[in-house]
Amino acid sequence: MDKKKTWIFSLCILGTALFLGIGAFMWKKRAAQEPARIICIPKIIDSENDFWVQLLDGVRMAAEEYGMELTVMAPKRETDIEEQIRMIYEAIDQKPDAIILTPSSYERTAQAVEAVCDSGIPLILMDSDVDTERKISKVSTDNIKAGRIQGECARKYLDADSEIVVVAHVKGSSTALEREKGLREGLGEFAGNIVETIYSDSNYEKGYERMKELLEEREDITMVIGLNEYSAVGAARAIKALGLQERITMVGFDSSLEEIQLLEEGIFAGIVIQNPYKMGYLAVEAADHLIQGERVPLQIDSGSKLVTREDVFSEENQKLLFLFTEE
């Protein structure tokens, strides 16, 4: 009788273990089938800015292809750094499988970024960098290289008496800092000809007003270089409104439809174009690799290229410039 009880008891234990094992396996299987949740926090969501539209199109396309559940949240203004920081902590509280972030400030966003790292949530930086020693993968344009390309383009139109104005976007952002650094490298001996750097705060109207005021104050400016779409377009509108396109040469950045038109008109001598769609797509792809426990390079370059008024109509450049508008 005792042996029979022991045998029955052993069967019960075995059955329970088997049941629990199957349950655990099914739970893991269901969990594996659930879509990964990612939160993307860009600097802004702006339907009127081609860079941000294309960037988020790339993010959404990749999230759909990888079967991810995507949430996008961003401040109303690119300069609202505190609001973005609040959103980063909110994202941490939601415990997603990964966070994709475009830091608004190189320095001020650093503490929140480190909080993400401390939480253990995989993090990918997109477009912009942050002041931290943590090893965080970033998908972006090589902004120093892109700025250098701008400088090399501009120097063809300069002489010893040229006076240059740089129109940057948000003071303290990594992209503005890196592009201006590269720009000065590309200008070489003409870097000392930069007489002023002004900021558009990534606002077309502010870029226009600040450029217009400066041009009305000074008659010696011969070169203007814009470091992003807002800055370049705002400044170009001011130059065009004042009829100074014959005196002032411009080099721009990004590839909105308006910038392409200004290039064709001759307002811009050249524009350095990025690939924001590719950048957004690669950021989600990198996040997926991290979620799967795979390693990701610390720097993934999404590319940049100079397009000039001389080669804007080449087949290669037309495909690049109108990649996102053709059906």
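Parameters at a glance
Residues numbered from 1 in each chain as written. Predicted model: local features only at pLDDT ≥ 70, side-chain atom pairs only at ≥ 80, totals over all residues. Heavy atoms only, no water. Phe/Tyr/Trp six-rings, centres within 6.5 Å; stacked < 30°, edge-to-face > 60°. Buried < 20%, exposed > 50% of the residue type's maximum accessible area, 1.4 Å probe, protein only. Lys NZ or Arg CZ within 6 Å of the ring centre and 35° of its normal. Pairing = 2+ DSSP bridges. Helix = DSSP H or I, 4+ residues; strand = E, 2+ residues; numbered from the N terminus. Axes fitted to C-alpha atoms, helices over the stretch in contact; angles between N-to-C directions. Contact = heavy atoms within 4.5 Å. Expected span 1.5 Å × (residues − 1). Salt bridge = Lys/Arg side-chain N within 4 Å of Asp/Glu carboxyl O.

(A) Structural context of the packing of aromatic side chains. Enumeration according to the criterion identifies two aromatic pairs in this entry. Considering the side-chain rings of phenylalanine 51 and tryptophan 52, the 5.0 Å spacing of their centres and the 85° angle between planes classify their relative orientation as edge-to-face. The exposure classification of phenylalanine 51 matches that of tryptophan 52, with both residues buried. It is arginine 179 that lies over the ring of phenylalanine 253; its NZ or CZ is 4.0 Å from the centre.

(B) Molecular detail of the sheet that holds strand β8 (residues 223-226). If you walk across this open sheet you meet the six strands as β7-β6-β8-β9-β10-β12, and the pairing is mixed. Edge strands, defined here as strands with exactly one partner in the open sheet, are β7 (194-199) and β12 (304-308). Averaged over all pairs of adjacent strands, the angle between strand axes in this sheet comes to 15°, irrespective of strand direction. On top of the sheet, helix α5 (residues 143-154) reaches β8, β9 (249-253), β10 (268-274) and β12; it is set at about 165° to β9, its chief contact.

(C) Up close: helix α10 (residues 276-291). Look at α10: 23 Å from first C-alpha to last across 16 residues, which is about the 22 Å you get at 1.5 Å a residue. Of all the residues in α10, the buried ones are Pro276, Met279, Gly280, Leu282, Ala283, Val284, Ala286, Ala287 and Asp288. Positive phi appears at glycine 293, one or two residues downstream of α10, with a value of about 80°.

(D) Geometry of the environment of arginine 295. On the secondary structure map, arginine 295 appears in the loop between α10 and β11 (299-301). You can call arginine 295 exposed: its relative accessible area is 83%.

(E) Just the pattern of salt bridges, in detail. Under the counting rule described, the total for this entry stands at 17 salt bridges. Measuring nitrogen to oxygen at the nearest pair gives 3.7 Å for the salt bridge that ties arginine 77 to aspartate 80. Overlapping salt bridges, with partners in common, bring together Glu83, Arg86 and Glu90 in one network.

(F) Spotlight on the sheet that holds strand β1 (residues 37-41). Strand order in this open sheet of six strands is β2-β1-β3-β4-β5-β11, and the pairing throughout is parallel. Here the strands that pair on one side only, and so sit at the sheet edges, are β2 (69-72) and β11. Sheet twist, expressed as the mean angle between neighbouring strand axes with direction ignored, is 20°. Sheet topology note: the strand β5 (residues 137-140)/β11 ladder contains three bridges and is parallel. Looking across to β11, one finds that serine 140 is bridged to aspartate 301. Here helix α2 (residues 50-65) sits on the sheet and contacts β1, β2 and β4 (123-126); the angle it forms with β2, its principal contact strand, is near 160°. Along the sheet face, α10 touches β1, β3 (98-101), β4, β5 and β11 and points at about 165° away from the line of β4.

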